[in-house]
Number of protein chains: 2
Amino acid sequence: MAKIVIIGAGVMGSALSWPLSDNGHEVYLVGTHLDHSIIDSCKQSQYHPGLKRSLPKAVIPCNIEELPNIITGFDLIISGVNSLGVRWIGKTLSPFLKPRDKIVAVTKGLEIGSGGSLSILPEVMQRELPQSIGSRISIAAIGGPCIASELAGRRQSCVVVASNDDETANIFKQYSVTSYYHVWVAKDLKAVEIAAALKNAYTVSIGYVYGFLDKKGGVDTAGAGMYNFAAALFAQACSEIFQILDSYGLDPSHAFTLAGAGDLYVTCQKGRSFKAGHLLGEGRTLIQVHELLKGETLEAILVINEMAKLLPFLANDRKFPLMNFLVDLIVNNQQPQLDLDHFFDLVN
Amino acid sequence: MAKIVIIGAGVMGSALSWPLSDNGHEVYLVGTHLDHSIIDSCKQSQYHPGLKRSLPKAVIPCNIEELPNIITGFDLIISGVNSLGVRWIGKTLSPFLKPRDKIVAVTKGLEIGSGGSLSILPEVMQRELPQSIGSRISIAAIGGPCIASELAGRRQSCVVVASNDDETANIFKQYSVTSYYHVWVAKDLKAVEIAAALKNAYTVSIGYVYGFLDKKGGVDTAGAGMYNFAAALFAQACSEIFQILDSYGLDPSHAFTLAGAGDLYVTCQKGRSFKAGHLLGEGRTLIQVHELLKGETLEAILVINEMAKLLPFLANDRKFPLMNFLVDLIVNNQQPQLDLDHFFDLVN
């Protein structure tokens with residue numbers, strides 16, 4: 001039996017307590033300073049208001065103030081904070097970490113440095129740790145299609161976990177695999193994280209088409225929607241993710257497996273990024289979208305802002321017309337046209 | 001202005017008359033012996049009952065008996081028949097074809113010979129022609145997400161066309177590109193056709209999950225559906241299409257561009273293959289599915305039957321657990337379990 005500390009009581013971090021606890025591990029769910037009302041509810045009755053479900057009985061909910069008492073002797077830490085909390089969790093964990101400790105991150109995002117360097121969020125977190133420890137921590141990240149409410153409902157989910165060593169990904173798999181949670185171990189942490197971050201961004205474009213369809217009066221009298229259009233963007237998204245991974249010498253197969261195409265598909269079925277794109281397609285401004293989705297972190301918007309910094313550094317940015325569209329829409333505040341004739345250069 | 005003869009007045013062949021006619025070409029839409037009622041309606045008022053829309057005024061509807069009179073001096077033939085009509089169209093065209101004539105096929109399917117040889121439908125059609133002509137005909141095929149009613153509604157669609165020479169694909173592009181119909185030319189005809197055929201088969205598995213969800217009472221009280229499950233199958237489908245193309249030395253990028261992931265996405269939104277899978281997932285038998293979808297050709301079922309013949313010949317058929325599931329379900333008439341733990345070998 002392992003001792004596992006999940007930090008961040010948002011839906012995804014919390015949902016992981018199901019398979020881990022079903023496997024008999026000692027699971028602590030530690031809320032951040034933003035999660036007090038969630039944790040108070042869990043402490044009272046195990047009911048998680050975000051997931052609309054009671055946590056498994058054995059899961060122990062804790063407030064962040066209790067962290068120093070419960071973190072001793074842990075086998076695995078899971079970082080369930082969103083991308084805005086990545087630096088915070090690095091700072092928060094600093095006093096408690098030692099070399100070879102293991103952290104698994106669920107957050108998806110990326111950051112571009114002023115010189116065009118691309119960092120994935122586990123790297124951003126690592127840089128907050130004391131140098132002597134940061135480089136010696138073992139970090140893994142989870143990608144793939146996993147709506148939290150379905151995992152908490154013990155419904156079939158397949159994910160991929162990758163780490164900067166083989167050990168942490170394999171240990172996470174060993175702790176978490178159940179009859180409903182299927183885990184594959186991959187070697188290329190950076191590829192998984194980039195694919196997972198980009199799929200959020202590209203989902204905005206697909207949601208945009210559905211919103212645009214509604215704006216134009218929806219399906220016409222002969223039953224024609226705009227699914228061809230949405231599907232073309234879906235394919236272009238896979239293709240651009242492939243090319244970005246390939247251009248960094250990373251494993252591009254993640255573009256068309258769980259972290260890429262799989263997660264893109266599920267996010268287009270149900271997700272904040274899709275909802276944001278839908279609202280934009282209806283003609284709302286980004287400010288209106290933020291107001292309407294108040295309280296939700298739009299990782300997709302953050303990623304598009306980062307990609308705006310990266311595009312000028314990519315060898316051939318003409319190959320990313322869909323990301324260029326998203327940057328014009330979100331960052332440059334334009335009403336851009338989708339230049340479909342410049343898609344699919346890869347095919348030729 | 002080119003003279004273009006479309007044979008087969010089903011929805012897809014007929015829908016192509018929109019961009020071709022909008023570009024000012026002389027377009028004949030020739031129904032097969034099964035299309036008399038469609039053509040009669042079109043002759044009377046241009047109204048196409050399948051598309052629920054009037055054909056562009058310039059399009060000339062014809063019955064099959066008129067073919068000998070109108071086929072002379074054509075620049076391009078488009079074969080719009082379904083996969084069951086491929087041999088018929090080869091025989092029908094035989095008397096009229098000469099070397100270097102150009103045919104574009106919209107049909108998606110494949111055939112496996114007794115020794116495990118894989119033929120795409122353009123090859124099957126070619127074999128019906130006199131030998132002296134068959135090998136010297138230029139054939140192209142169209143792949144990618146294109147619901148016919150949307151194309152006929154002049155809504156944005158992106159497709160890929162590939163031919164056994166560069167010329168026919170390029171000529172089709174030249175004739176058909178409009179502001180709403182975007183055409184990419186690819187070199188690998190066989191890869192495009194195989195990806196296009198397989199996506200129908202794999203769509204059945206994704207539809208199956210949605211049907212299974214309904215059978216289990218739908219979304220649960222906490223809002224959990226089975227989208228993670230569907231998305232995992234989507235990713236596995238892309239991965240298996242990639243591996244099949246790769247194992248034949250074909251261009252595997254078609255697995256995650258228009259003909260693969262793009263067409264898979266749109267077929268999962270709306271399509272017969274999805275409907276068939278949905279009914280199977282609800283617990284209906286294949287016989288019931290055929291009864292309920294009477295009158296619709298289920299290309300997906302035909303492809304799965306062919307793949308049942310191919311799997312034993314593939315070097316490592318363990319790599320295709322999702323296709324094996326479909327074969328068990330459709331061909332072996334079992335109630336198989338989806339062995340999710342054997343997915344995603346590619347990732348490792």
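The structure contained in this document is the topic of the report that follows. Fair warning: this is a prediction, and the values are worked out from it, not measured in the lab.

### Things to note about the relation of the copies chain B and chain A
So, point 1. Of the transformation placing chain B onto chain A, the axial shift is 0.0 Å and the rotation is 180°, giving an RMSD of 0.0 Å. Considering both components of the superposition, the chain copies are consistent with a two-fold axis. When C-alpha distances to the rotation axis are compared across chain B, the minimum falls at B:Phe256, with a value of 3.0 Å.
So, point 2. The share of interface residues of chain B whose copies in chain A are also at the interface is 100%, consistent with both copies meeting through the same surface.

### Digging into unusual backbone geometry
Residue and element names in this part refer to chain A.
So, point 1. In this structure, Lys52 is a non-glycine residue whose phi angle is positive, near 55°.
So, point 2. Within the secondary structure layout, Lys52 lies in the loop between strand S3 (47-48) and strand S4 (53-54).
So, point 3. The class for Lys52 is exposed, based on a relative accessible area of 52%.

### A look at the packing of helix H11 (residues 227-247) of chain A against helix H12 (residues 258-269) of chain B
So, point 1. Between H11(A) and H12(B), the least distance of the axes is 8 Å, while the angle of their chain directions is 140°. With respect to each other, H11(A) and H12(B) are oriented oblique. Between H11(A) and H12(B) the crossing geometry is right-handed. Each of A:Tyr227, A:Asn228, A:Ala230, A:Ala231, A:Ala232, A:Phe234, A:Ala235 and A:Cys238 in H11(A) lies in contact with H12(B), whose residues at this interface are B:Leu258, B:Ala261, B:Gly262, B:Tyr265, B:Val266 and B:Gln269.
So, point 2. Tallied by class, the residues present in the contact of H11(A) with H12(B) amount to 11 nonpolar, three polar and no charged.

### Observations concerning the pairing of strand S2 (residues 26-30) of chain B
Strand residues, when the strand is regular, have side chains that alternate between the two faces of the sheet.
Residue and element names in this part refer to chain B.
So, point 1. Counting buried residues along S2, four of its five residues qualify, which places the element largely inside the surrounding structure.
So, point 2. Strand direction decides the pairing type here: strand S1 (residues 3-7) and S2, joined by five bridges, are parallel. Across the sheet, the residue bridging to Ile6 is Leu29, located in S2.
So, point 3. Examined bridge by bridge, S2 and strand S5 (residues 60-62) share three bridges and lie parallel to one another. Note that in S5 the partner of Val30 across the bridge is Cys62.

### So, the interface of chain B and chain A
So, point 1. Each partner contributes to the interface: chain B provides 59 residues, whereas chain A provides 59 residues.
So, point 2. In total, about 5000 Å² of surface goes out of reach between chain B and chain A, with carbon and sulfur atoms giving 62% of it.
So, point 3. Here A:Asp220 makes a salt bridge to B:Arg53, at a shortest N to O gap of 2.9 Å.
So, point 4. The interface formed by chain B and chain A holds 24 residue pairs in polar contact (both at pLDDT 80 or more) in total.

### Comments concerning the packing of aromatic side chains
Aromatic ring pairs are described here by two measures, namely the spacing of the ring centres and the angle between the planes.
So, point 1. A full pass over the atoms with the stated rule returns 17 aromatic pairs over all chains.
So, point 2. On the numbers, 4.8 Å between centres and 20° between planes, the contact of A:Tyr265 with B:Phe234 is stacked. Here A:Tyr265 is found in helix H12 (residues 258-269), whereas its partner B:Phe234 is found in helix H11 (residues 227-247) on a different chain.
So, point 3. With centroids separated by 6.4 Å and ring planes inclined at 85°, the aromatic side chains of B:Phe172 and B:Tyr181 adopt a geometry described as edge-to-face. The pair formed by B:Phe172 and B:Tyr181 is uniform in burial state, with each residue classed as buried.
So, point 4. The structure contains a cluster of three or more aromatic residues connected by ring pairs, namely A:Phe234, A:Tyr265, B:Phe234 and B:Tyr265.
So, point 5. Taking NZ or CZ as reference, A:Lys98 lies 5.5 Å from the ring centre of A:Phe74, over its face.

### Thoughts on the pairing of strand S10 (residues 138-143) of chain A
Residue and element names in this part refer to chain A.
So, point 1. S10 sits mainly inside the fold: six of its six residues count as buried.
So, point 2. Residues Ser138, Ala140 and Ile142 line one face of S10 and the alternating positions Ile139, Ala141 and Gly143 line the opposite face, and both faces are buried.
So, point 3. Pairing geometry for strand S7 (residues 102-105) and S10, over four bridges, is parallel. Paired with Ala105 across the strands is Ala141, a residue of S10.
So, point 4. Bridging between S10 and strand S11 (residues 157-163) involves four bridges; their strand directions are antiparallel. Paired with Ala140 across the two strands is Ser163, which belongs to S11.

### As for the sheet that holds strand S1 (residues 3-7) of chain A
Residues and elements named next belong to chain A.
So, point 1. In spatial order, the strands read S5-S2-S1-S6-S7-S10-S11-S12; together these eight strands make up an open sheet with mixed pairing. Two strands bound the open sheet, and with one partner strand each, they are strand S5 (60-62) and strand S12 (181-186). In this sheet, neighbouring strand axes are inclined to one another by 25° on average, regardless of whether the strands run parallel or antiparallel.
So, point 2. Sheet contacts for helix H5 (residues 86-93): S1, strand S6 (76-79) and S7; angle to S1, the most-contacted strand, approximately 135°.

### Here we look at the side chain of A:Glu150
So, point 1. Within the element layout of this structure, A:Glu150 appears in helix H8 (residues 148-152).
So, point 2. A polar atom in the side chain of A:Glu150 sits 2.8 Å from the backbone nitrogen of B:Asn228.

What counts and how
Residues numbered from 1 in each chain as written. Chains lettered and ligands numbered in written order. Predicted model: local features only at pLDDT ≥ 70, side-chain atom pairs only at ≥ 80, totals over all residues. Heavy atoms only, no water. Least-squares fit on C-alpha atoms with pLDDT ≥ 70 in both. Contact = heavy atoms within 4.5 Å. Helix = DSSP H or I, 4+ residues; strand = E, 2+ residues; numbered from the N terminus. Buried < 20%, exposed > 50% of the residue type's maximum accessible area, 1.4 Å probe, protein only. Axes fitted to C-alpha atoms, helices over the stretch in contact; angles between N-to-C directions. Parallel < 35°, antiparallel > 145°, perpendicular 65-115°, else oblique. Left-handed = near helix turned anticlockwise from the far one by under 90°. Nonpolar A, V, L, I, M, F, W, Y, C, P; charged D, E, K, R; others polar. Pairing = 2+ DSSP bridges. Buried area = accessible area lost by both parts, 1.4 Å probe. Salt bridge = Lys/Arg side-chain N within 4 Å of Asp/Glu carboxyl O. Polar contact = N/O pair within 3.5 Å; in protein donor to acceptor, adjacent residues only side chain to side chain. Phe/Tyr/Trp six-rings, centres within 6.5 Å; stacked < 30°, edge-to-face > 60°. Lys NZ or Arg CZ within 6 Å of the ring centre and 35° of its normal.

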